[in-house]
Amino acid sequence: MTDPDRKRPSWDDYFMDITFQVAKRSTCDRARVGAIIVKDRRILTTGYNGSPAGLPHCDDVGHLIVDGHCVRTLHAEQNAIIQAAQHGVSVRGGTIYVTHQPCLTCAKMIINAGLVRVVYGGAYPDANSVAFLAQAGVALQKFELHAS
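Now for a look at the structure at hand. Here the structure is a predicted model, which is why all the values come from computation and not from measurement.

**Quick look at the packing of aromatic side chains**
Evaluated as defined, the whole model comprises four aromatic pairs. With centroids separated by 5.8 Å and ring planes inclined at 80°, the aromatic side chains of tryptophan 11 and tyrosine 14 adopt a geometry described as edge-to-face. Here tyrosine 14 and tryptophan 11 lie together in helix 1 (residues 11-23), a separation of three residues that amounts to about one turn. The partly exposed category is assigned to tryptophan 11, whose relative accessible area is 37%. By relative accessible area, tyrosine 14 is classed as partly exposed at 38%. With 5.3 Å between their ring centres and 45° between their planes, phenylalanine 15 and tyrosine 97 make a pair best called tilted. Taken as a pair, phenylalanine 15 in helix 1 and tyrosine 97 in strand 5 (residues 95-100) lie far apart in primary sequence, 82 residues in all. Comparing phenylalanine 15 with tyrosine 97 shows no difference in burial state: the two are buried.

Structure, rendered in structure tokens:
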């Protein structure tokens, strides 16, 4: 029997829910960030912020802080793009969902990977990343939760 009050989540709601689950795998508690790359409504890759493969994690050995940033980890967007490259998956024309607005380095990687849309949850104070994405024609959309 169907529930007449049930409303299916939008695609953005669905993919952002998954992105927040991916963030729970993060190994740096300064910001537990998750990312997924989607194309044609199919998840291609996921990523979360964590140390390079085989190296110690912040959660295990602490942070490596340089200029106020933890540099022990790769960002979630970087890991999602790297996963695609490792497995020969083209992300060109896709959307990346991220729990936080991308930083400038991640924005540049998003542009060069050919992604065309970024949907993000929390703000990150980086006006340069916003400007670069706009100049490259990459849509940047703040996620607004819809009631389900």
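Continuing now.
**Here's the deal with the side chain of serine 26**
Tracing the chain through its elements places serine 26 in the loop between helix 1 and strand 1 (34-39). The exposure class assigned to serine 26 is buried, which follows from its relative accessible area of 4%. A polar contact of 2.5 Å, which involves the side chain of serine 26, links it to the side chain of asparagine 49. Setting aside residues up to four positions removed in sequence, serine 26 forms contacts with Ala31, Arg32, Val33, Tyr48, Asn49 and Asp59.

**Overview of unusual backbone geometry**
Of note in this structure, aspartate 40 is not a glycine but carries a positive phi near 55°. Along the chain, aspartate 40 turns up in the loop between strand 1 and strand 2 (42-48). The class for aspartate 40 is exposed, based on a relative accessible area of 67%. Located in the positive-phi region is arginine 41, a residue other than glycine, with phi close to 60°. Take arginine 41: it is sitting in the loop between strand 1 and strand 2.

**Concerning the pairing of strand 5**
Of all six residues in strand 5, five are buried; the element is thus mostly enclosed. The handedness of the strand 5 to strand 6 (residues 117-122) crossover, carried by helix 4 (residues 104-113), is right-handed.

**Section: the sheet that holds strand 5**
If you walk across this open sheet you meet the five strands as 2-1-5-6-7, and the pairing is mixed. In this open sheet, the two strands that pair with only one neighbour each are strand 2 and strand 7 (139-142). On average, each strand axis in the sheet is tilted by 20° relative to the strand beside it, whichever way the strands run. Direction of pairing for strand 5 relative to strand 6: parallel, over a ladder of five bridges.

Conventions used here
- Residue positions are given per chain, counted from 1 along the sequence in the order it is written.
- With the structure being a predicted model, the display of local features is reserved for residues of pLDDT at least 70 and the display and counting of side-chain atom pairs for 80 or more, all residues being used for whole-chain, interface and lining totals.
- Think of the side-chain values as coming from all heavy atoms in the structure, minus any hydrogens and water.
- Two rings belonging to Phe, Tyr or Trp (six-membered ring only in the last case) form a pair when the distance between their centres is within 6.5 Å. Interplanar angles under 30 degrees mark stacking, angles over 60 mark edge-to-face geometry, and anything in between is tilted.
- Helix and strand assignments follow DSSP, with helices taken as H or I runs no shorter than four residues and strands as E runs no shorter than two, numbered in order from the N terminus.
- The buried label goes to any residue with under 20% of its type's maximum accessible area, the exposed label to any with over 50%, and the partly exposed label to all in between, with areas taken from a 1.4 Å probe on protein chains only.
- Any pair of nitrogen or oxygen atoms within 3.5 Å is treated as a polar contact; in protein, a donor-acceptor pairing is required on top of that, and neighbouring residues in sequence qualify only through side-chain atoms on both sides.
- Any two residues having at least one pair of non-hydrogen atoms within 4.5 Å are treated as being in contact.
- Seen with its strands pointing away from the viewer, a crossover is right-handed if its path from the first strand over the helix to the second goes clockwise.
- Any two strands between which DSSP finds at least two bridges are classified as paired.
- Axis lines are fitted to C-alpha atoms, over the contacting stretch for helices. Their N-to-C directions set the angle, which ranges from 0 to 180 degrees.

That's the geometry; what it means functionally is another story.
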